[in-house]
Amino acid sequence: MGSIALESSYNNNIRPLLDAVDQLRHLKVTQEGIQLPTIVVVGDQSSGKSSVLESLAGISLPRGQGICTRVPLIMRLQGDSDITEPSLHLEYGNKTVPTSEDEIAAAINNATVEIAGAGKGISDKPITLVVKKKSVPDLTLVDLPGITRVPVEGQPADIYEQISKTIMEYIAPKESIILNVLSATVDFPTCESIRMSRQVDQLGERTLAVVTKSDKAPEGLLEKVTVDDVHIGLGYVCVRNRIGDETYEQARIEEEQLFKSHPLLSQIDKSMTGIPVLAERLTQIQASIIAKCLPDIVKKIDDKLNQSMSELNSLPHTLSSVADALKALIRIIKLVRESLGNLLVRGEFDEFPDDNTLHGTARIAEMLHKYRAELPEKCPTKEKQFLMEEVGVLEEAKGIRLPNFLPRSAFLTILKNKIDTISHIPRELVNTVWAYVEKITIQMMLRHCENYPQLKSASQRAIHGLIDKMRDRSCKFVKDMIGMELVSDYTANPDYMSTWVELMKENEPFRKAIEGEGQWLYNTKVTLKTFGDVDVGHLRSHEDVAEQAFDIRMRLTAYWKIVVLRLVDGVALHILHSIKCLVEDELEVELINELLGPNKTGIEKMMEESPATATKRERLKKSVELLKESKDVVASISGSYYC
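What counts, and at which threshold
Residues numbered from 1 in each chain as written. Predicted model: local features only at pLDDT ≥ 70, side-chain atom pairs only at ≥ 80, totals over all residues. Heavy atoms only, no water. 1 Å grid on protein atoms, 1.4 Å probe; cavity = no way out; pocket = protein on both sides within 12 Å on 5 of 7 lines; lining within 4 Å. Points joined across faces, edges and corners; volume = space filled by probe spheres on them. Nonpolar A, V, L, I, M, F, W, Y, C, P; charged D, E, K, R; others polar. Helix = DSSP H or I, 4+ residues; strand = E, 2+ residues; numbered from the N terminus. Expected span 1.5 Å × (residues − 1). Bend = angle between axes of the 7 residues up to and from the residue. Buried < 20%, exposed > 50% of the residue type's maximum accessible area, 1.4 Å probe, protein only. Contact = heavy atoms within 4.5 Å. Core = buried A, V, L, I, M, F, W, Y, C linked by side-chain atoms within 4.5 Å. Pairing = 2+ DSSP bridges. Axes fitted to C-alpha atoms, helices over the stretch in contact; angles between N-to-C directions. Right-handed = clockwise from strand over helix to strand, strands pointing away. Parallel < 35°, antiparallel > 145°, perpendicular 65-115°, else oblique. Left-handed = near helix turned anticlockwise from the far one by under 90°. Polar contact = N/O pair within 3.5 Å; in protein donor to acceptor, adjacent residues only side chain to side chain. Phe/Tyr/Trp six-rings, centres within 6.5 Å; stacked < 30°, edge-to-face > 60°.

Caption draft 1: Here's a closer look at the layout of surface pockets. As a volume, the largest pocket reaches approximately 830 Å³. Along the walls of the largest pocket sit 26 residues, with Lys 28, Thr 30, Ile 74, Pro 126 and Tyr 170 positioned nearest its centre. Taken together, the residues of the lining of the largest pocket break down into seven nonpolar, ten polar and nine charged.

Caption draft 2: Broad picture of helix 9 (residues 322-346). For helix 9, with 25 residues, the first-to-last C-alpha span of 34 Å sits near the 36 Å given by 1.5 Å per residue. The principal kink in helix 9, of about 30 degrees, is found at Leu 340. What helix 9 keeps buried is the set Ala 325, Ala 328, Leu 329, Ile 332, Ile 333, Val 336, Ser 339, Leu 340, Gly 341, Asn 342, Leu 343 and Leu 344. Looking at the residues trailing helix 9, positive phi occurs at Gly 347, about 70 degrees.

Caption draft 3: Structural view of the environment of Leu 305. Its place among the elements puts Leu 305 in helix 8 (residues 275-314). Residues Leu 305 and Ser 630, 325 residues apart in the sequence, show an inter-C-alpha distance of 9.6 Å. Not counting chain neighbours up to four residues away, the residues in contact with Leu 305 comprise Val 624, Leu 627, Lys 628 and Lys 631.

Caption draft 4: The arrangement of the nonpolar core in detail. If you look at the biggest cluster of nonpolar residues, it comprises 92 residues, and the most contacted ones within it are Leu 344, Val 437, Phe 510, Val 536, Leu 539 and Ile 579. Examining the composition of this core, we find that 25 residues originate from one element, helix 17 (residues 543-596), more than from any other. Val 21, Val 52, Leu 141 and Leu 305 belong to the second largest nonpolar core, which has 64 residues in total.

Caption draft 5: How the structure looks around the sheet that holds strand 5 (residues 127-133). With mixed pairing, nine strands are arranged side by side in an open sheet as 4-3-5-2-6-1-7-8-9. Looking along the sheet, the strands with just one partner apiece sit at the ends: strand 4 (95-99) and strand 9 (236-238). Each strand axis lies, on average, 20 degrees off the axis of its neighbour in the sheet, ignoring direction. The pairing of strand 1 (residues 38-43) with strand 7 (residues 176-183) spans six bridges and is parallel. Residue pairing for strand 7: Val 41 is matched across the bridge by Leu 179.

Caption draft 6: Representation of the pairing of strand 8 (residues 207-212). In terms of residue burial, strand 8 counts as a mostly covered element, since six of its six residues are buried. Burial of the side chains of strand 8 extends over both faces: Thr 207, Ala 209 and Val 211 are buried on one face and Leu 208, Val 210 and Thr 212 on the other. In the sheet, strand 7 pairs with strand 8 via six bridges, with the strands oriented parallel. Bridge pairing links Leu 179 to Leu 208 in strand 8. A crossover connection joins strand 7 to the parallel strand 8 through helix 5 (residues 192-200); in handedness this β-α-β unit is right-handed. Where strand 8 lies against strand 9, three bridges are found, and the strand directions are parallel. Bridging from a neighbouring strand, Ala 209 pairs with Tyr 236 of strand 9. Note on the crossover from strand 8 through helix 6 (residues 221-227) to strand 9: the handedness is right-handed.

Caption draft 7: Region of the structure containing the pairing of strand 4. The sheet contact formed by strand 3 (residues 87-92) and strand 4 spans five bridges and is antiparallel. Paired with Leu 90 across the bridge in strand 4 is Val 97. The antiparallel pairing of strand 3 with strand 4 creates a hairpin that spans two residues between the two strands, and Gly 93 there sits at a positive phi of about 60 degrees.

Caption draft 8: Representation of the packing of helix 12 (residues 408-422) against helix 17. For the pair helix 12 and helix 17, interaxial distance at closest approach is 11 Å and the crossing angle is 40 degrees. Accordingly, the angle class assigned to the pair helix 12 and helix 17 is oblique. Crossing of helix 12 against helix 17: the hand is right-handed. Taken together, the residues of helix 17 that come into contact with helix 12 (itself represented by Ala 410, Phe 411, Ile 414, Leu 415, Lys 418, Ile 419 and Ile 422) are Ile 552, Arg 555, Leu 556, Tyr 559, Trp 560, Val 563 and Leu 567.

Caption draft 9: How the structure looks around the side chain of Arg 553. You can see Arg 553 is positioned in helix 17. At a separation of 2.6 Å, a polar atom in the side chain of Arg 553 contacts the side chain of Glu 390. Arg 553 has contacts with Thr 381, Glu 383, Phe 386, Leu 387, Glu 390 and Phe 531, leaving out every residue within four places of it along the chain.

Caption draft 10: Structural view of the packing of helix 8 against helix 19 (residues 611-636). Contact pair helix 8 / helix 19: the axes reach a minimum separation of 9 Å and the direction vectors enclose 150 degrees. If you check the angle between helix 8 and helix 19, you find them roughly antiparallel. Relative to helix 19, the crossing made by helix 8 is left-handed. Two secondary-structure elements touch here, helix 8 through Val 298, Ile 301, Asp 302, Lys 304, Leu 305, Ser 308, Met 309, Glu 311 and Leu 312 and helix 19 through Lys 616, Arg 617, Arg 619, Leu 620, Lys 621, Ser 623, Val 624, Leu 627, Lys 628, Ser 630, Lys 631 and Val 634. Its residues assigned to classes, the contact of helix 8 with helix 19 shows nine nonpolar, three polar and nine charged.

Caption draft 11: Representation of the packing of aromatic side chains within the structure. Scanning all chains against the criterion turns up six aromatic pairs. Look at Phe 386 and Phe 510: their rings are 6.4 Å apart centre to centre, the planes differ by 80 degrees, and that puts the pair in the edge-to-face class. With Phe 386 in the loop between helix 10 (360-374) and helix 11 (388-396) and Phe 510 in helix 16 (residues 507-515), this residue pair connects regions lying 124 residues apart in the sequence. Phe 510 matches Phe 386 in its accessibility class, with the two residues each being buried. On the basis of an interplanar angle of 55 degrees and a centroid distance of 5.4 Å, the ring pair of Phe 386 and Phe 531 is categorised as tilted. Residue Phe 386 is found in the loop between helix 10 and helix 11, and its partner Phe 531 is found in the loop between strand 10 (525-528) and strand 11 (532-535); the two are separated by 145 residues along the sequence. You can call Phe 531 partly exposed: its relative accessible area is 27%. Following the ring pairs from residue to residue traces out a cluster consisting of Phe 386, Phe 510, Phe 531 and Phe 550.

Here it is in C-alpha cells:
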C-alpha cells in the first residue's frame, strides 16, 4: 500500500532525544518508578482514534466492531529521507516481528491475541510498532483502548473499570501529554475521555484535542473550538480522516480543500486544521516536554541507581565457604554484644536515641526504684492492737527460765513472718528484669542477623534457653537471700545498735503507761516518736511480757532497715553482675554452641541464602543493570541536549 509522506520539520537535535526516550521506554525504565515524557492518545469508542493515527503514520490499523485497540499500542514513527522502502516491525514480550504496510493490521491482531487472548478482553501489556518511512513525523505515541461503558458480548463485565485503570496509569504522570480525540458529532463535555483527562489535568495544561469527523458536523464546530468549554490548554486541531478507498494522499488533498472552501469550516483558523498541522504541533510539544523533563530523568536515574547499588551492597556477601560463614557469625555475635553492652551495661544510647524502650540501664534503674518502693520502709504488721503480735508469740515461747531473758526464738519467729510477707517482691523483680533483658537481646540479635533469617529461629532458641537459666539462677539467688535472712538475726552494721538504743529511750514512758503510773493512772495512751499515739490499755493484762514485746518491736524496727537494705543492694548488684556476665561471656558461648553444634548445622544454614534475600538480590541486580544501561543512553545524548 502506497502512502504520501507527512513531514514535520526535522530537527537534528530533537531526533536523538526522542530516540533516547524510546530506548528508555524499551528498557522499561518506568518499572523503576521513572516516568518518561509520553504522548498518550485517548478517546471514547468510535471517536476516530485509529483514523488519526493512520493518517499520521500513513498505514492501516486494525478495524472492526467494538474495541479495536485491546492493548496499549506504542507507535514509534521515524522519518528517514534516505530509506527506499518503509520498514515496520512489532516488539512485544521478548519478540521482534518484522511486518509490512499490507500486513501490519493482521500482525497487530495476532500480537493482541497472543497477549490479551482471542476474546474481547483487554491487557495492559503493550505492543510497540516501529514505523520507518520517508516523510513521517518523528513521534512516539501511545494508543490506548477506546472508552466504553457498556460491555458487549464476549467482554468482561468490568470492561469499563479495566480500560479506565489502564488509561489513568498512562495519563496521570505529569510527564504525559494527553492527545484527546473528540468526535465533532458529540458534545465535548459529555465525552468520557474529557472527564478522565480533567481528573489528572484539571486546567488542561498538558491536553491537546484533535477533533475528528469535522465534515460530518460542521455546524457550531467553530464555536466549540474557540469557546473551549472543556479547558483544552494546548488547543484544538480539527481534521478530516480518510474516507472509503481514498489513498492517504487523496485524503490530505480533500482535507485541505474542505477547510479552505467549506462555508463554515473555512472560518476556522488554518493553524487549527489539518493532519499536517497536528503532526507539527505534536512534534513541537514532544520536543518541548522531552527537553523539559530530561534533566529530571537524568537525576532520577542517578538517584535510583545509587539507591539500588547501596541496597545491593548492603546485602550480605554470598557465603561460599565454612570459613566465610564462621567469620560472618563471629561478626554478628560481636555486633550483638556491642549493642547489648551499650544498652544494658554502659548506658550508651547513640545507636537508638529516640527509642526509649531500648535504653536498658535507664529502664532497669526504674524497675529497681519501683522494687525499692514496694518493699515496706517500716516493719510490716497487720495487728489491730499495738504489740499484740509480739505478745502472742512471747506467750507461746514461755519456758522454765529466768524471767528477764528475751527469748531469741520469739524474735526469729516474728522476723520470719515479716520476711515471708515480702519474699514475693524480689522474685517478681527478677522475673520482670529478665523478661525485659530477653526482649532486648532478641531484638538486637534479629537486627544484626537480619540478612541471615535462617539463623533467627536457632538464635532465638539459644537466647530463650540462656535467659531461662539466668532467671533460674537469679530466682535461686533471691531464695538464698531470703533463706539467709531467716537463718539468723545478724548484722555488723552499727546503725542497728544506734537505732535500737535510740528507740529504747521510750521504754520508760511505755513502762509507766503499762503500770498506770503518774499521768497514766487514768490514761492509757502514750506518744512514741516512731509509732505516734498508741493505746496500751490492752497490754496491762499482759504486764509480764509487755516490756519484752516492746523490746522485740524496737529490735525489729531497727533491724528491718538493715534487712530491706540488704535485699535492695544484694538483688540490684546480682542483677547488674548477671547482665554483665550475660553480655560479655555467656551469650557468646550459648550462641556458638547452638549455632555451630556438633555438626556445624548453623554454619551450613548460613551458607544457604534465604529465598527472600536471593529474590531481593536478583531484583536489585536487574535494577542496577537496567539503570546503568539507562544512564548510558542519556549520557550518549547529553551533547545533543546541550546544543
